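Structural characterization, general
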Amino acid sequence: GYEVRPFHYLLKPVEKARLFRVMDDIEEQLRARRRNCLHLTAGGEALRIPYDNIVYLESQGHYSWIYTVDGSHKVWLSLSQLLRHFDDRFLQPHRSYVVNTNRIAAIRTDKRYTAIVMDNGSQIPLSQRKRGAFLLALSEYDAKYGQYHP
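What comes next is a walk through the structure. (Residues numbered from 1 in each chain as written. Predicted model: local features only at pLDDT ≥ 70, side-chain atom pairs only at ≥ 80, totals over all residues. Heavy atoms only, no water.)

**Describing the packing of aromatic side chains**
Using the criterion set out here, one finds 7 aromatic pairs in the structure. Cluster of aromatic residues (ring-pair linked, three or more members): Tyr56, Trp65, Tyr67 and Tyr97. The cationic tip of Lys74 hangs over the ring face of Tyr63; the distance from NZ or CZ to the ring centre is 4.1 Å. (Phe/Tyr/Trp six-rings, centres within 6.5 Å; stacked < 30°, edge-to-face > 60°. Lys NZ or Arg CZ within 6 Å of the ring centre and 35° of its normal.)

In C-alpha coordinates form, the structure reads like this:
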(Lines give C-alpha, C1' and ligand atoms only; values in the text may rest on other atoms or scores of the structure.)
Protein backbone atom coordinates (compact mmCIF):
# COMPACT_ATOMS: atom_id res chain seq x y z
CA GLY A 1 0.00 0.00 0.00
CA TYR A 2 0.89 3.60 -0.32
CA GLU A 3 -0.44 6.92 0.90
CA VAL A 4 -1.90 9.51 -1.46
CA ARG A 5 -2.44 13.12 -0.46
CA PRO A 6 -3.74 14.82 -3.59
CA PHE A 7 -3.77 18.60 -3.81
CA HIS A 8 -5.99 18.80 -6.87
CA TYR A 9 -7.29 16.58 -9.66
CA LEU A 10 -6.80 17.32 -13.33
CA LEU A 11 -8.81 15.47 -15.92
CA LYS A 12 -7.46 14.54 -19.33
CA PRO A 13 -7.04 16.20 -21.67
CA VAL A 14 -5.17 18.63 -19.40
CA GLU A 15 -5.49 22.27 -20.33
CA LYS A 16 -2.14 24.05 -20.05
CA ALA A 17 -3.64 27.17 -18.39
CA ARG A 18 -5.43 25.07 -15.75
CA LEU A 19 -2.28 23.06 -15.02
CA PHE A 20 -0.30 26.27 -14.46
CA ARG A 21 -3.02 27.69 -12.16
CA VAL A 22 -2.88 24.52 -10.03
CA MET A 23 0.93 24.66 -9.94
CA ASP A 24 0.75 28.32 -8.84
CA ASP A 25 -1.69 27.33 -6.07
CA ILE A 26 0.67 24.58 -4.89
CA GLU A 27 3.61 26.99 -4.88
CA GLU A 28 1.62 29.55 -2.85
CA GLN A 29 0.59 26.91 -0.32
CA LEU A 30 4.21 25.82 0.11
CA ARG A 31 5.30 29.45 0.56
CA ALA A 32 2.60 29.96 3.20
CA ARG A 33 3.81 26.87 5.08
CA ARG A 34 7.37 28.20 5.07
CA ARG A 35 6.20 31.63 6.33
CA ASN A 36 4.44 29.99 9.28
CA CYS A 37 7.46 27.94 10.36
CA LEU A 38 11.02 28.45 11.46
CA HIS A 39 13.38 26.38 9.30
CA LEU A 40 16.86 25.66 10.62
CA THR A 41 19.35 22.92 11.41
CA ALA A 42 20.15 21.79 14.95
CA GLY A 43 22.49 18.94 15.79
CA GLY A 44 22.58 17.76 12.19
CA GLU A 45 18.79 17.60 12.07
CA ALA A 46 16.66 19.81 9.81
CA LEU A 47 13.96 21.41 11.93
CA ARG A 48 10.64 22.89 10.89
CA ILE A 49 9.04 24.52 13.93
CA PRO A 50 5.68 26.30 13.61
CA TYR A 51 6.03 29.82 15.05
CA ASP A 52 2.82 29.30 17.05
CA ASN A 53 4.48 26.37 18.88
CA ILE A 54 7.45 28.43 20.06
CA VAL A 55 7.03 29.54 23.68
CA TYR A 56 10.34 31.38 24.16
CA LEU A 57 14.02 31.53 23.21
CA GLU A 58 16.95 31.66 25.60
CA SER A 59 20.50 32.73 24.82
CA GLN A 60 23.42 30.89 26.39
CA GLY A 61 26.64 32.27 24.99
CA HIS A 62 27.20 31.34 21.35
CA TYR A 63 24.12 29.15 21.15
CA SER A 64 20.43 29.46 21.96
CA TRP A 65 17.63 27.23 23.16
CA ILE A 66 14.24 27.23 21.44
CA TYR A 67 11.52 26.12 23.86
CA THR A 68 8.36 24.86 22.21
CA VAL A 69 5.13 23.24 23.35
CA ASP A 70 6.74 19.91 22.41
CA GLY A 71 10.19 20.29 24.00
CA SER A 72 13.39 22.20 23.33
CA HIS A 73 16.08 22.51 20.68
CA LYS A 74 19.67 23.71 21.08
CA VAL A 75 20.83 25.71 18.07
CA TRP A 76 24.27 27.11 17.34
CA LEU A 77 22.96 30.59 16.59
CA SER A 78 23.00 33.70 18.74
CA LEU A 79 19.74 35.28 19.83
CA SER A 80 20.37 38.23 17.48
CA GLN A 81 20.82 35.82 14.54
CA LEU A 82 17.58 34.03 15.44
CA LEU A 83 15.62 37.27 15.87
CA ARG A 84 15.92 37.97 12.13
CA HIS A 85 13.47 35.11 11.51
CA PHE A 86 10.68 36.33 13.81
CA ASP A 87 7.76 38.73 13.45
CA ASP A 88 6.36 41.30 15.89
CA ARG A 89 4.65 38.73 18.13
CA PHE A 90 8.11 37.90 19.50
CA LEU A 91 9.47 40.45 21.97
CA GLN A 92 12.68 40.66 23.98
CA PRO A 93 12.04 41.34 27.69
CA HIS A 94 15.65 40.64 28.67
CA ARG A 95 18.93 40.47 26.77
CA SER A 96 18.94 36.67 27.13
CA TYR A 97 15.30 35.96 26.27
CA VAL A 98 12.70 36.40 23.56
CA VAL A 99 9.05 35.50 24.25
CA ASN A 100 6.10 34.66 22.02
CA THR A 101 3.51 37.21 23.19
CA ASN A 102 0.69 34.81 22.28
CA ARG A 103 2.00 32.42 24.95
CA ILE A 104 2.14 34.87 27.88
CA ALA A 105 -0.09 33.67 30.72
CA ALA A 106 0.68 36.38 33.31
CA ILE A 107 3.08 39.11 34.34
CA ARG A 108 4.04 38.97 38.02
CA THR A 109 5.63 41.84 39.87
CA ASP A 110 6.93 42.16 43.40
CA LYS A 111 9.04 44.94 44.92
CA ARG A 112 12.24 44.05 43.08
CA TYR A 113 11.46 41.54 40.35
CA THR A 114 9.11 41.25 37.41
CA ALA A 115 8.58 37.89 35.70
CA ILE A 116 6.67 36.95 32.58
CA VAL A 117 4.87 33.66 33.17
CA MET A 118 4.53 31.66 29.98
CA ASP A 119 1.67 29.22 29.31
CA ASN A 120 4.05 26.29 29.92
CA GLY A 121 4.80 27.60 33.44
CA SER A 122 8.26 29.01 32.65
CA GLN A 123 9.12 32.33 34.26
CA ILE A 124 11.09 34.77 32.13
CA PRO A 125 12.72 37.81 33.76
CA LEU A 126 11.65 41.26 32.59
CA SER A 127 14.67 43.52 33.00
CA GLN A 128 14.20 46.96 34.52
CA ARG A 129 16.01 48.49 31.54
CA LYS A 130 13.68 46.88 28.96
CA ARG A 131 10.48 47.01 31.03
CA GLY A 132 8.98 50.22 29.58
CA ALA A 133 9.74 49.38 25.94
CA PHE A 134 8.55 45.80 26.39
CA LEU A 135 5.20 46.77 27.97
CA LEU A 136 4.65 49.44 25.30
CA ALA A 137 5.40 46.99 22.46
CA LEU A 138 3.13 44.40 24.10
CA SER A 139 0.22 46.85 24.37
CA GLU A 140 0.75 47.96 20.75
CA TYR A 141 0.72 44.34 19.62
CA ASP A 142 -2.45 43.73 21.64
CA ALA A 143 -4.15 46.76 20.09
CA LYS A 144 -3.06 45.79 16.57
CA TYR A 145 -4.13 42.13 16.73
CA GLY A 146 -6.88 42.20 19.34
CA GLN A 147 -4.94 40.07 21.79
CA TYR A 148 -5.25 40.43 25.52
CA HIS A 149 -2.40 39.90 27.91
CA PRO A 150 -2.63 40.15 31.69
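Here the narrative resumes, following the displayed structure.
**Considerations on the side chain of Thr68**
One can find Thr68 in strand E4 (residues 63-68). Here Asp70 takes part through its backbone nitrogen, which lies 3.1 Å from a polar atom of the side chain of Thr68. In this view, Thr68 contacts Ile49, Asn53, Ile54, Val55 and His73; residues no more than four positions away in its chain are not counted. (Helix = DSSP H or I, 4+ residues; strand = E, 2+ residues; numbered from the N terminus. Polar contact = N/O pair within 3.5 Å; in protein donor to acceptor, adjacent residues only side chain to side chain. Contact = heavy atoms within 4.5 Å.)

**Considerations on the nonpolar core**
For soluble globular proteins, nonpolar side chains are generally found buried alongside one another. Judged by nonpolar contacts, the single largest core of 15 residues is most densely connected at Leu38, Leu40, Ile54, Leu57, Ile66, Leu82 and Phe86. If you list the elements that add at least two residues to this core, you get strand E1 (37-42), strand E2 (45-50), strand E3 (54-60) and helix H2 (79-83). The element contributing the most residues to this core is E1, with 3 residues. When neighbours within four sequence positions are excluded, Leu57 is seen to be in contact with Trp65, Ile66, Leu79, Leu82, Phe86, Ser96, Tyr97 and Val98. (Core = buried A, V, L, I, M, F, W, Y, C linked by side-chain atoms within 4.5 Å. Buried < 20%, exposed > 50% of the residue type's maximum accessible area, 1.4 Å probe, protein only.)

**A look at the sheet that holds strand E10 (residues 123-125)**
One open sheet accounts for 3 strands, arranged E8-E9-E10; its pairing is antiparallel. With one partner strand each, in any of the chains shown, strand E8 (104-109) and E10 form the two edges of the open sheet. Looking at each pair of strands side by side, their axes are set apart by 25 degrees on average, direction ignored. Packing of helix H3 (residues 128-145) onto the sheet brings it into contact with E8 and strand E9 (114-118), and relative to E8 it is tilted by some 145 degrees. (Pairing = 2+ DSSP bridges. Axes fitted to C-alpha atoms, helices over the stretch in contact; angles between N-to-C directions.)

**Notes on the sheet that holds strand E7 (residues 97-100)**
In spatial order, the strands read E5-E4-E3-E7-E6; together these 5 strands make up an open sheet with antiparallel pairing. The open sheet has two free edges, formed respectively by strand E5 (71-75) and strand E6 (90-94), since each of these has just one partner strand. Neighbour-to-neighbour, the strand axes of the sheet open up by a mean angle of 20 degrees, direction not taken into account. As defined by bridge partners, E3 adjoins E4 across 6 bridges and the pair is classed as antiparallel. The residue bridging Ser59 from the neighbouring strand is Ser64, located in E4. Contacting E6 and E7, H3 runs over the sheet at an angle of about 160 degrees to E6.

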